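Single-letter residue listing:
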Amino acid sequence: MHRIRYTKLTPEQIAGKLASAATGPASASPLSDVLAGRSMRIVLDDGPALSYTFSGSNRLSLAEGDAAAVQAGYGALTLDRLILFSHMVPRTQRGYTVVLDQDTNLVTVLEVWFSGSAANPDIRDEREVQRHISYGYVEQAGRPAPAARHGITNRIEGKGFYWKQDGGVETIEYYPSVMYSNFVELTRFGGELSFCAPSDYIRISDDKYIYSRVEAEFSGTMTTYLLDPNRAEQVGVRLGFDESDTLEYYVFRGRGEWVGQIAQFEPFGDVGATIPLGNRNVAAARGARPVNRPLRTNPIMTRAEVDAAVAKNRTIFPAASAMAGNKGPISPFLSGKALTLRYDNGMAIDYRFDDVQTLRWRREGAGDAAWRQERYESWESAPGVIMFGHLLSGAADHDAFSIVVDVDHALATCLHATMGTPYAGNEAAVKTVFGVVEMQGSTPPKYRRHQFTDELVGRAVTWNYSPGLTSMHLYSTPHSLSWIIFLGNSAGGMEWSGPAAYVKIRDELYLAYWLEEACNGVLGTILVNLRTMRNCGVDYAAGPKGLRLSPVGAHARHAGRFDVMKYFTRNAE
Amino acid sequence: MSRTDATTRRSFMRTAGAAMSAPLAVAAPAAASAAPPVDPLAARLSRLEDGEAIRSLWQGFVRHLSGDARALAALFDGDIDVRAGLGDGPSLTAIQAIGEDVIEISPDRRTAVARVPCTVMIETPIGPSCPLVEMARAQGGGVLARSEAGTFEHACVRRDGVWRIRRATYHPAP
């Protein structure tokens with residue numbers, strides 16, 4: 001999804017494609033006729049009343065406030081006593097998704113629309129569905145208006161589900177935030193990576209919720225559903241344009257499995273009635289909300305631009321780094337040692353560690369003139385396990401190594417980073433290379449190696465890098481990692497996700513990398529020690545300010561685990 | 001720090017923030033008027049009125065510091081002048097009065113100083129900036145918050161019978 005070049009549809013193109021939505025959403029399941037023959041007036045706290053008359057299971061008329069009624073197609077599905085119905089307003093790019101609780105007569109209305117840039121300068125992609133959420137009730141003759149309302153919540157934060165829709169679409173969806181979510185498209189995109197989207201979580205009752213996400217920065221598609229966490233059932237609606245710009249507008253029914261609950265970190269008693277955004281100014285436009293749009297602040301550079309920037313400035317292990325406020329002490333272990341790291345891809349590197357921060361390296365067999373001196377840092381995460389990183393100065397692709405050597409077992413794993421991908425000059429790429437350590441007194445194994453592992457998959461771990469700077473890693477699939485930034489009250493906030501890999505070094509000791517893909521291009525490499533609950537590592541990045549190789553060091557807390565590996569395991573057939 | 005631009009919340013927040021003020025007892029020392037009333041009762045009443053006017057000023061300062069920039073500006077005699085002595089990075093984001101104020105009014109009733117014991121919330125941007133910090137800032141974070149005790153000293157001036165703040169200076173507790 002990061003790599004799909006979604007068409008920048010124009011409002012005119014969108015209007016044309018929405019013509020077919022006038023008849024209402026498609027559905028793989030029979031539509032509900034629960035509303036057929038009924039009329040209702042929905043009173044909203046912050047908008048005009050919506051007067052509906054439903055003439056059947058797929059036709060309605062709507063009058064917005066005092067405006068004349070319009071006819072539209074609709075689709076409705078029920079979940080217990082809850083009704084979800086959706087329709088567009090003909091000859092507009094607007095529509096409504098309405099959730100009605102027949103027991104309380106309380107209503108949540110999501111007004112949805114395309115072509116949002118005119119009203120909100122933050123929107124630059126007309127295909128990105130916008131929404132405004134209103135709360136209210138169905139007017140009952142002779143009865144007073146109810147005081148209660150549905151509302152935003154953190155009561156669903158931390159849950160995760162596997163879903164299978166009636167149309168066959170399978171997903172894993174994690175809710176590690178109060179304003180974002182993660183989703184893994186098992187059928188649409190093969191489940192390799194997870195993706196993140198700004199999301200809404202609304203409480204109807206303790207066992208019924210509304211979840212809604214918009215795939216901002218991707219297709220712009222909106223998925224909204226009612227959710228019963230006990231029975232793992234959903235009914236919902238999907239609205240947007242897919243990667244071939246085809247309209248997706250359908251209601252769906254789904255069943256799933258609860259895959260776990262990870263920790264919440266808000267103070268006790270905080271149920272998420274507000275989302276604290278500190279001094280962040282959110283645009284006053286209707287539907288505006290904070291959306292992570294990383295490519296706006298990290299514009300794509302060409303390779304030539306990167307080369308020029310790197311020629312001007314390289315920052316190698318600076319003394320101050322917000323990502324390393326809690327790093328461990330630099331290890332003296334390697335100082336004074338000589339060794340060769342021989343990798344299975346044929347690469348072999350001779351090292352001479354002159355002191356704790358200076359090394360020399362050369363390709364094995366090269367002459368004395370081939371030695372290159374680099375600044376490095378190293379940390380001994382566990383006895384005999386050293387992680388160190390360094391640049392390969394002079395390399396064509398600004399190569400860098402993040403290496404873990406297990407001296408006790410004479411094993412080495414190298415994350416070989418290079419700068420530049422087919423998509424961006426300032427986006428890192430990485431290869432994982434396994435090998436052995438050849439040094440005096442050790443016997444390298446012939447067959448044993450560190451191994452890729454799935455043991456981290458589904459786990460969530462918080463990382464406190466510096467006072468006030470904490471994120472949470474969610475190891476969301478065997479090949480991707482999501483990071484969640486905490487809000488001021490320690491609720492989960494914005495997220496992004498990128499490709500990742502996990503290597504087992506020892507029990508509870510893992511080497512991981514993640515690429516901040518379609519984002520800022522950073523390669524993060526960390527050695528995760530789940531016994532000491534800390535990491536060490538190296539960030540590798542390039543941008544207008546040049547190349548940066550910087551230390552990482554953070555304290556960890558377990559945040560829980562989702563049981564998801566079975567969804568990623570392919571059967572032999 | 002002298003400020004003339006109080007229109008944007010972001011710039012405003014760099015200087016200070018709001019807090020509830022605690023009700024305080026009058027502790028104004030005796031002050032002589034420029035044209036002393038003959039009537040001792042009237043003199044005392046003037047002193048009390050000055051004290052209350054100045055107290056309202058600093059209470060408004062606390063209230064509006066992170067809220068209504070125009071209302072804050074209206075409290076000042078000229079440009080908003082808040083001096084926190086925190087350097088370029090940290091910013092004052094909230095104030096809470098925690099004790100009795102002390103108001104000293106000059107004998108000519110033209111100037112006064114109000115000293116208000118308080119706790120302040122100070123936010124320091126986390127740095128150097130990096131992608132994680134940028135992401136945190138995009139959702140209102142990326143700062144390290146701490147509170148400390150100190151005193152706000154409000155230098156006030158009376159013009160045309162109206163008291164206003166000329167300068168508000170924060171002094172950390174020693």
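None of the values given here were measured: they were computed from a predicted structure.

Asker: How would you sum up the overall build of chain A? Please name residues and give values.
Answerer: Check the secondary structure of chain A and you find four helices and 36 strands. Counting only C-alpha atoms and orienting by the principal axes, one finds that chain A spans roughly 90 × 50 × 45 Å. The burial tally for chain A puts 61% of its 573 residues in the buried class. Partitioning the intrachain contacts of chain A with sequence separation of at least 6 by distance along the chain shows that 54% fall at a separation of at least 24. Mean positive and mean negative side-chain charge positions of chain A (58 and 62 charges, respectively) differ by 2 Å.

Asker: Go over the side chain of Thr-153 of chain A with me, naming the residues and quoting the values.
Answerer: All names here are of chain A. Topologically, Thr-153 is positioned in the loop between strand 10 (151-152) and strand 11 (159-165). For Thr-153, a relative accessible area of 4% gives the class buried. From its side chain, Thr-153 meets the backbone nitrogen of Arg-155 in a polar contact 2.8 Å long. Apart from residues no more than four positions distant in its own chain, Thr-153 is found in contact with Val-178, Tyr-201, Ile-202, Arg-203, Tyr-209, Val-271 and Gly-272.

Asker: Summarise the sheet that holds strand 25 (residues 400-406) of chain A; cite the residues concerned and give the values.
Answerer: Residue and element names in this part refer to chain A. Overall, antiparallel pairing links the eight strands, which are arranged 20-21-22-23-24-25-26-27 in a closed barrel. Strand-to-strand twist of the sheet, defined as the mean angle between neighbouring strand axes without regard to direction, takes the value 30°. As paired elements, strand 21 (residues 348-353) and strand 22 (residues 358-363) share five bridges and run antiparallel to each other. Looking at strand 22, one finds that Tyr-351 is bridged to Trp-361.

Asker: Can you break down helix 4 (residues 131-138) of chain B residue by residue, with the values?
Answerer: Residues separated by three or four positions in an α-helix point in the same direction, a consequence of the helix having 3.6 residues per turn. Of the residues making up helix 4 of chain B, those classed as buried are Leu-132, Val-133, Met-135 and Ala-136 of chain B. Take helix 4 of chain B and look down its axis: the buried residues cluster within an arc of 160°, on one side only. At its buried positions, helix 4 of chain B is contacted by strand 29 (459-466), strand 30 (469-477), strand 31 (480-486) and strand 32 (492-506) of chain A. At the C-terminal side of helix 4 of chain B, Gly-140 of chain B shows a positive phi close to 90°.

Asker: So what about the sheet that holds strand 7 (residues 94-101) of chain A? Which residues, and what values?
Answerer: Residues and elements named next belong to chain A. Strand order in the closed barrel formed by eight strands is 2-3-4-5-6-7-8-9, and the pairing between neighbours is antiparallel. Strand after strand, the sheet turns through a mean of 30° between neighbouring axes, direction not considered. With five bridges joining them, strand 3 (residues 50-54) and strand 4 (residues 59-64) adopt antiparallel strand pairing. Residue pairing in the sheet places Phe-54 in a bridge with Leu-60 of strand 4.

Asker: Can you explain empty space enclosed by the protein? Please cite residues and give values.
Answerer: Counting across every chain of the model gives six cavities of 30 Å³ or more. Considered as a void within the structure, the largest cavity measures approximately 110 Å³ in volume. Looking at the lining of the largest cavity, the elements with two or more residues in it are strand 30 of chain A together with helix 4 of chain B. Looking at side-chain class alone, the lining of the largest cavity contains nine nonpolar, two polar and two charged residues.

Asker: Mind laying out the packing of aromatic side chains, listing which residues take part and the relevant values?
Answerer: Residue and element names in this part refer to chain A. Inspection of every chain in the model, using the stated rule, returns 32 aromatic pairs over all chains. Each ring, one from Tyr-52 and one from Phe-85, has its centre 5.1 Å from the other, and the planes form 90°; the classification is edge-to-face. You can see Tyr-52 sitting in strand 3 and its partner Phe-85 sitting in strand 6 (residues 82-88), a full 33 residues away along the chain. For Tyr-52, a relative accessible area of 1% translates into the label buried. Here the aromatic residues Phe-161, Trp-163, Tyr-175, Tyr-201, Tyr-211, Tyr-225, Tyr-250 and Phe-252 are joined through ring pairs into a cluster of three or more. Above the face of the Tyr-423 ring, Arg-3 is positioned so that its terminal group lies 3.8 Å from the ring centre.

Asker: Help me get a handle on helix 3 (residues 303-312) of chain A, residues and values and all.
Answerer: Residue and element names in this part refer to chain A. Taken together, the buried positions of helix 3 are occupied by Val-306, Ala-309 and Val-310. Across the axial projection of helix 3, the buried residues extend over an arc of 100°, all falling on one side. For helix 3, the exposed residues lying more than 90 degrees away from the buried face are Ala-304, Ala-311 and Lys-312.

Asker: Outline the environment of Leu-72 of chain B, listing residues and values.
Answerer: Residues and elements named next belong to chain B. One can find Leu-72 in helix 3 (residues 69-74). Of the residues examined, Leu-72 reaches a relative accessible area of 0% and is grouped as buried. Between the C-alpha atom of Leu-72 and that of Arg-109, which follows or precedes it by 37 residues, the distance is 23 Å.

Asker: Residue-level account of the interface of chain A and chain B, with values.
Answerer: At the junction of the two partners, chain A supplies 30 residues and chain B supplies 19 residues. A combined buried area of about 1,900 Å² lies between chain A and chain B, and 63% of that area is made up of carbon and sulfur atoms. For the pair chain A and chain B, the interface holds zero salt bridges. For the pair chain A and chain B, the number of links is three residue pairs in polar contact (both at pLDDT 80 or more). Elements with a contribution of two residues or more to the side of chain A that touches chain B: strand 30, strand 31 and strand 32 of chain A.

Asker: Explain the pairing of strand 32 of chain A to me, and be specific about the residues and the numbers.
Answerer: All names here are of chain A. Burial analysis of strand 32 places 13 of its 15 residues in the buried class, which makes it a mostly covered element. Bridging between strand 28 (residues 451-452) and strand 32 involves two bridges; their strand directions are antiparallel. Bridging from a neighbouring strand, Phe-452 pairs with Val-503 of strand 32. Of the pairings in the sheet, the one linking strand 31 to strand 32 comprises six bridges and is antiparallel in character. Paired with Ser-482 across the bridge in strand 32 is Ser-497. In textbook terms, the turn of a hairpin is the stretch between consecutive antiparallel strands, and for strand 31 and strand 32 this stretch comprises five residues, one of which, Ser-490, has a positive phi near 70°. Alignment of strand 32 against strand 33 (residues 509-515), held across six bridges, turns out to be antiparallel. If you follow Tyr-502 over to strand 33, its bridge partner there is Ala-512.

Asker: Explain the pairing of strand 16 (residues 222-228) of chain A to me, and be specific about the residues and the numbers.
Answerer: Residues and elements named next belong to chain A. Counting buried residues in strand 16 gives seven out of seven residues, a clear majority hidden from the surface. Of the two faces of strand 16, both are covered, the one formed by Met-222, Thr-224, Leu-226 and Asp-228 as well as the one formed by Thr-223, Tyr-225 and Leu-227. As paired strands, strand 15 (residues 208-214) and strand 16 are joined by six bridges and run antiparallel to one another. Bridge pairing in strand 16 places Tyr-209 opposite Leu-227. Relative to strand 17 (residues 233-241), strand 16 runs antiparallel, the two sharing seven bridges. Its bridge partner being in strand 17, Met-222 is matched across the sheet by Leu-239.

Reading the values: rules and limits
- Residues numbered from 1 in each chain as written.
- Chains lettered and ligands numbered in written order.
- Predicted model: local features only at pLDDT ≥ 70, side-chain atom pairs only at ≥ 80, totals over all residues.
- Heavy atoms only, no water.
- Helix = DSSP H or I, 4+ residues; strand = E, 2+ residues; numbered from the N terminus.
- Buried < 20%, exposed > 50% of the residue type's maximum accessible area, 1.4 Å probe, protein only.
- Contact = heavy atoms within 4.5 Å.
- Lys, Arg positive; Asp, Glu negative; His and termini not counted.
- Charge placed at Lys NZ, Arg CZ, Asp CG, Glu CD.
- Polar contact = N/O pair within 3.5 Å; in protein donor to acceptor, adjacent residues only side chain to side chain.
- Pairing = 2+ DSSP bridges.
- Axes fitted to C-alpha atoms, helices over the stretch in contact; angles between N-to-C directions.
- Arc of directions from axis to C-beta.
- 1 Å grid on protein atoms, 1.4 Å probe; cavity = no way out; pocket = protein on both sides within 12 Å on 5 of 7 lines; lining within 4 Å.
- Points joined across faces, edges and corners; volume = space filled by probe spheres on them.
- Nonpolar A, V, L, I, M, F, W, Y, C, P; charged D, E, K, R; others polar.
- Phe/Tyr/Trp six-rings, centres within 6.5 Å; stacked < 30°, edge-to-face > 60°.
- Lys NZ or Arg CZ within 6 Å of the ring centre and 35° of its normal.
- Buried area = accessible area lost by both parts, 1.4 Å probe.
- Salt bridge = Lys/Arg side-chain N within 4 Å of Asp/Glu carboxyl O.

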